[in-house]
Amino acid sequence: AGACGGDTLSLLCADNPPLEQLVEEGLELLWQPSLSVGSTRRLERMITAITGGQTTLDILCVEGSLITGPRNTGLWDPLRGRGKKDVIAELAEAATYVLAVGTCAAYGGVHAAAPNPADCLGMQFDKDSPGGLLPSTWRSRSGFPVINLAGCPTHPNTITKFLAFLLRGLPVTLDEWQRPSVFFTTT
C-alpha cells in the first residue's frame, strides 16, 4: 500500500530467523512488489485465484497505510483501475491471518497525520481509534483481528519470528493494540 518500503528492507535484515530459513521451512512468498519476479498480469491472475477460492492465502502481510482518497475511492493508489484498498480488503477476506506490518499499515502512520490529504488509515485502526479499512469487529478466517506488527520500521526479527510462530502453529495472544504480546510487552 502507501509506504516507503522500510518494512521490506527491515525484513531482508532479519537474522533470527532469517527469511531464507522460513522459506526452507515451507513459507511460500506468493507476491511482494520489491522481491517478486513477474508481471502485474501474473499478480492479477493470482488475486483472482485467491479471491475465487482456487488458491489458498494463509498469511496476508500488508505494508503501508491504506490510501482511501479521493472520496473513499482509493484511486490515488490504484491497481489496474481499482483502489488498492479494495483489492487488499478482498484479499483479507480470503486470508487465514492478516498482518499489518509497520505502523503505517497498523495505524495509518505518518501519512495519516493531519491534514491527511490522501485520507490514509490503517488496516483496522485509524490512528489510535478502532476501525480503519476494516471495521473493528472484522475477523480473519482464523478468528483473529488484523495482527499489528507495529514499528517504523518493524524490527526485522519481530517480523520473521512472528511468521515462524504462525508457520509452527504456536499460540498467539494479542494486546489491546492487536500486537503479539510476546513482542510488545516492553519498550
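(A) View of unusual backbone geometry. Of note, the amide linkage connecting N16 to P17 takes the cis form, showing an omega dihedral of 0°. Within the secondary structure, P17 sits in the loop between α1 (6-12) and α2 (19-24). Here the amide bond leading from A114 into P115 is cis, since omega sits at 10°, within 30 degrees of zero. Relative to the elements of secondary structure, P115 occurs in the loop between α5 (103-107) and β6 (120-121). Of note in this structure, R71 is not a glycine but carries a positive phi near 50°. Residue placement: R71 occurs in the loop between β2 (66-67) and β3 (78-79). Look at R71 and you get exposed, because its relative accessible area is 73%. If you check the backbone angles, K127 has positive phi at about 60° while not being a glycine. As for its placement among the helices and strands, K127 is situated in the loop between β7 (125-126) and β8 (129-130). The class for K127 is partly exposed, based on a relative accessible area of 40%.

(B) Summary view of the sheet that holds strand β1 (residues 57-63). Spatial strand order, β1-β5-β9: 3 strands in an open sheet with parallel pairing. This sheet does not close on itself; its edge strands, each paired only once, are β1 and β9 (147-149). Pairs of neighbouring strands in the sheet enclose a mean axial angle of 25°, with direction left out of account. In this structure, strand β5 (residues 95-101) lies alongside β9, joined through 3 bridges in parallel fashion. Looking at the pairing, L99 lines up with I147 of β9. Here helix α6 (residues 156-167) sits on the sheet in contact with β1, β5 and β9, set at roughly 170° to β5.

Definitions and cut-offs
Residues numbered from 1 in each chain as written. Predicted model: local features only at pLDDT ≥ 70, side-chain atom pairs only at ≥ 80, totals over all residues. Heavy atoms only, no water. Helix = DSSP H or I, 4+ residues; strand = E, 2+ residues; numbered from the N terminus. Buried < 20%, exposed > 50% of the residue type's maximum accessible area, 1.4 Å probe, protein only. Pairing = 2+ DSSP bridges. Axes fitted to C-alpha atoms, helices over the stretch in contact; angles between N-to-C directions. Contact = heavy atoms within 4.5 Å.

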